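The residues making up each chain are set out below.
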Amino acid sequence: MKNRTFFWFILPSLITMLLFIALPIVSVAVQSVHIEHEAVMVEVENCGPFGCKQELQVDVEETAKLKEERPLGQFNGLGTYTNRNHLAFTEIGLAWQSSTGFVDFMPKALNLPFYRALAFTLTYTFVVTPLVIIFGFMIALGVNTLPKRIKGPTIFISLLPMIVTPLIGSLILFWMIDANGILGATLQRIFDDPNLSLKASPTLTWIMLMVYGVWHSAPFAFIVFYAGLQTVPADTMEAAMIDGASRWERTRYVVLPHLMPLTVFISLIQLMDNFRVFEPIVSFSAQASATSLSWIIYNDLVGNESQFFGSAGATSVLTIIGVSILLIPVLIRTWRDFNQKLV
Amino acid sequence: MMSDIVHRRSPVLNIIIWGLVLVWIVAAGFPFLWTLWGSFKVQGDFFSKADWTNAVYGVRTQIETGGAFTGKGYYGAWVTKEFWLAALNTSIVVVSVVIISLTLGTLGGYALARSGKKYAFYLLMLALVFRAMPHITLVSGYLLPFFEWNLWGHLPTAIIVMVAINQPFTLWMLHSFFLNIPKDLDESAMVDGCTRFQAFRHVIVPVMWPGVVTTGLFSFLLAYNDFTVTATLLSQANQTMVPKIASFLGTTQTEGNVMFAVAAVVSATAPLFVLILFFQRQIVSGLTAGAVKG
C-alpha cells in the first residue's frame, strides 16, 4: 500500500487516538506539576462590641478570579509527587529510621495512601492473574469432555460473569454476601458467629475482591483455552498414546506446550486489566480496607467537593509508569519476534 | 479416536470432572438467577437474615403486598427514579459509539493489514500501549480542559472519548480479520483499474461483515459496561445506566429503596443476556481471534 493511501485510511482513527489518548497523557503530566491556588487572603478590620481587630480573611472574589485566570493552578514542580499522599519520601525515610527491621517497616509504609493502594493493586494483579489462568484451564479441560449437547448451554452460562458489567456483577455478589444476604447469612450460621461480616475485616475484603476478580475473568481464560484445545494436533496425541503416555503425561507434554502461546496472551490481557482494578471497590464500598491506584485517582476527581487535579495527575503519571514497567517484557518479546520475521 | 479416549476415562476422573464443571456452572449462573428472582420480592425477603427460603417463597412479600411477587422495585426504579431516561441515554451512547468506532476502525484496520511497512507495526505496538492505559488516568487528563471549554457533561463528549479509548482494541481486532481476507481479492480489483478506496468499497466491504459484527459486539460491550468515563464525564441529567445504578447506592439505603437498585441491576443485565443468547458464537470467536492468530 502506498504511504499516501495508508495515511488517509488511518488518519481518522489516528486523530482520535492522539487527541483522546496521547494528549491526555501529556495533560496529566502537566497537571501533576501544578497545584491548586492558595486562597487569597486580605486583612480586614473586624469591629465588634469589644473594639476593633485586624483579621485575615479569604477573599472569595479574588480567589475565584485567580482560579479563572489560571485554571491549572500554580507551578509546584515535583512537590506533589513527594508529598505524603504520593511517594512520601519524608515519611518513608522517618519510618525506615525508626524501624527495627523490614517487618516493622512494612505496616508503617502501608499506612500511606499511595503505598496502600499500590500494595492492593499489585497483590490483586499477581494473585488474580495466575488463578484466572489455572481455573480457566481446568474449566476448559472439563467442558471439553462434556457431551456435545450440553456444551452450548454450559458456555452460555460461563460467559455471564465476564460479559455482565463489572459494576453490576460485583454488586450482585455484594448483595449475596451482605450480612443479610443468602451467602453472608449462611456463613454466619455455619461459623455460628452472628457478627461475622465479610465487609468488616480487611483480610476478608481483600479475599472477596480477589474472588470476584477470578469469577469475572476466568470465563475469558476458559474460552481462549477451550478454543485452543480444539486445535491440539491429533497426530501428536495419537503418537503419545502409542508410546504409552498416560492421560496426565499427555496433558503435561502435549496439551500444555500447545497452549503455551495462549497462556502468554491471556496473561498479557489480564495484567493490563487487573492493574486497573476499580469498579469492584466502588460496588463493594471497600475503600476502608482496600484501595487501588485507579480508585484513589477517581476519589481525587469526584470524591470531594473540589477536584484535586494536581494530586490525580501525579497518581496517574505514577500509574502509567507502573503499566509501562509491566508492559516492557511483552513489548521486547514482540519486537524480537517481528525482527526475526523480517530476517 | 476421541470416543476412544472418552471410553477409557476412569470413573473417579469422571466424577471429578463433572463435579468441577457443576461447581463452576453454579458459581457462574446462580448469582444471576438469585438476583432475578429476588428482584420481584420486597427487601425483607431478598435480605432475609432469619431464613433464606423467605426469598424463595416471598413470605414478607405476601404480608406486605398481598402477592408472592411484586413489581414495586421496577416501578420505583423506572418511574420514580427515572431509570428510563438513563436507559435512553445508554442507547444513544452505545449506538453512536459502535457506529463511529467501526467506521474509523475498519478504515484503519484495513490499512494496517495491507500496508506491510514497518511503521504499520510500530502503530500496532503504540495501540497496544494505549490499550494498556487505565481509563481513569486518561479521564483525569480530560476533566480540566473539558471544564474550561464547557465540553463537560454532554453525551457527544462521552461518545467521542469512548470511541477513542475503544480504537486500539478495534484496530487490533479488525486488523487480524482483514489479514484473513486474501490479498489477491482487492489487488486484482486494483489491477482492473480500481483505486485503493474503490477496491475497499466494492470488494472488501461486502465480505468483511462477519469480522465487523464480532468487533461491533465488543465495542457495544465496552460502551455499555463502561463506568469510569460515564461516571466522571456526564452530568446528572445525562447519566447512563451504570453510573445511575452506582448513584442509587449512595443515596437510597432506606427501607425499600435498595430494591430499586436490584430492579435496575436486573433491567441492565437483561439486554446482555439476550446479546449472549443470539451472538454466543461471535463472542467466542472474537475472544479467540486475537489469541489464535497471534
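Residues numbered from 1 in each chain as written. Chains lettered and ligands numbered in written order. Predicted model: local features only at pLDDT ≥ 70, side-chain atom pairs only at ≥ 80, totals over all residues. Heavy atoms only, no water.

Thoughts on unusual backbone geometry
- With a phi close to 50 degrees, A:Ala88 is a non-glycine residue in the positive phi region.
- As for its placement among the helices and strands, A:Ala88 is situated in the loop between α3 (79-82) and α4 (89-97).
- Given the relative accessible area of 0%, A:Ala88 is considered buried.
- Phi at B:Asn150 is positive, roughly 55 degrees, even though this residue is not glycine. (Helix = DSSP H or I, 4+ residues; strand = E, 2+ residues; numbered from the N terminus. Buried < 20%, exposed > 50% of the residue type's maximum accessible area, 1.4 Å probe, protein only.)

Focus: the domain arrangement of chain B
Residue and element names in this part refer to chain B.
- Looking at the assigned domains, one finds that chain B contains domain 1 (2-70) and domain 2 (76-292).
- Each of domain 1 and domain 2 was reduced to a C-alpha centroid, and the two centroids are 32 Å apart.
- Contacts between domain 1 and domain 2 engage 10 residues on the former and 10 residues on the latter.
- Here domain 1 packs against domain 2, burying approximately 710 Å² in sum over the two surfaces, 75% of which is carbon and sulfur.
- Applying the counting rule to domain 1 against domain 2 returns zero salt bridges.
- Residue assignment for the side of domain 1 that touches domain 2 shows that the elements contributing at least two residues are α2 (11-38) and α3 (43-46).
- Residue contributions to the side of domain 1 that touches domain 2 peak at four residues, all from α2. (Domains from an automatic or database assignment. Contact = heavy atoms within 4.5 Å. Buried area = accessible area lost by both parts, 1.4 Å probe. Salt bridge = Lys/Arg side-chain N within 4 Å of Asp/Glu carboxyl O.)

Things to note about the packing of helix α8 (residues 166-177) of chain A against helix α10 (residues 202-229) of chain A
Residue and element names in this part refer to chain A.
- Relative orientation of the contacting elements α8 and α10 amounts to 130 degrees, with a least axis distance of 11 Å. Comparing their axes, α10 and α8 come out oblique. In terms of crossing hand, the pair formed by α8 and α10 is right-handed. Taken together, the residues of α10 that come into contact with α8 (itself represented by Pro-166, Gly-169, Ser-170, Leu-173 and Ile-177) are Met-208, Tyr-212, Trp-215 and His-216. (Axes fitted to C-alpha atoms, helices over the stretch in contact; angles between N-to-C directions. Parallel < 35°, antiparallel > 145°, perpendicular 65-115°, else oblique. Left-handed = near helix turned anticlockwise from the far one by under 90°.)

Points about the interface of chain A and chain B
- Each partner contributes to the interface: chain A provides 101 residues, whereas chain B provides 102 residues.
- Interface of chain A and chain B: buried area, both sides summed, is about 9,300 Å²; carbon and sulfur atoms make up 80% of it.
- In terms of surface lost to chain B, no three residues of chain A exceed A:Met1, A:Phe9 and A:Trp175, which account for 9% of the buried area on that side.
- Here chain A and chain B share one salt bridge between them.

A short note on the pairing of strand β2 (residues 41-48) of chain A
All names here are of chain A.
- Pairing geometry for β2 and strand β3 (residues 51-58), over eight bridges, is antiparallel. The residue of β3 that forms the bridge with Met-41 is Val-58.
- Where β2 hands over to β3, the hairpin turn is made up of two residues, counted between the paired strands. (Pairing = 2+ DSSP bridges.)

Quick notes on the environment of A:Met41
Residue and element names in this part refer to chain A.
- Among the secondary structure elements, Met-41 is positioned in strand β2.
- Owing to a relative accessible area of 45%, Met-41 belongs among the partly exposed residues under this scheme.
- Remark: the alpha-carbon pair of Met-41 and Met-237, spanning 196 residues in sequence, is separated by 80 Å.
- In this view, Met-41 contacts Leu-56, Gln-57 and Val-58; residues no more than four positions away in its chain are not counted.

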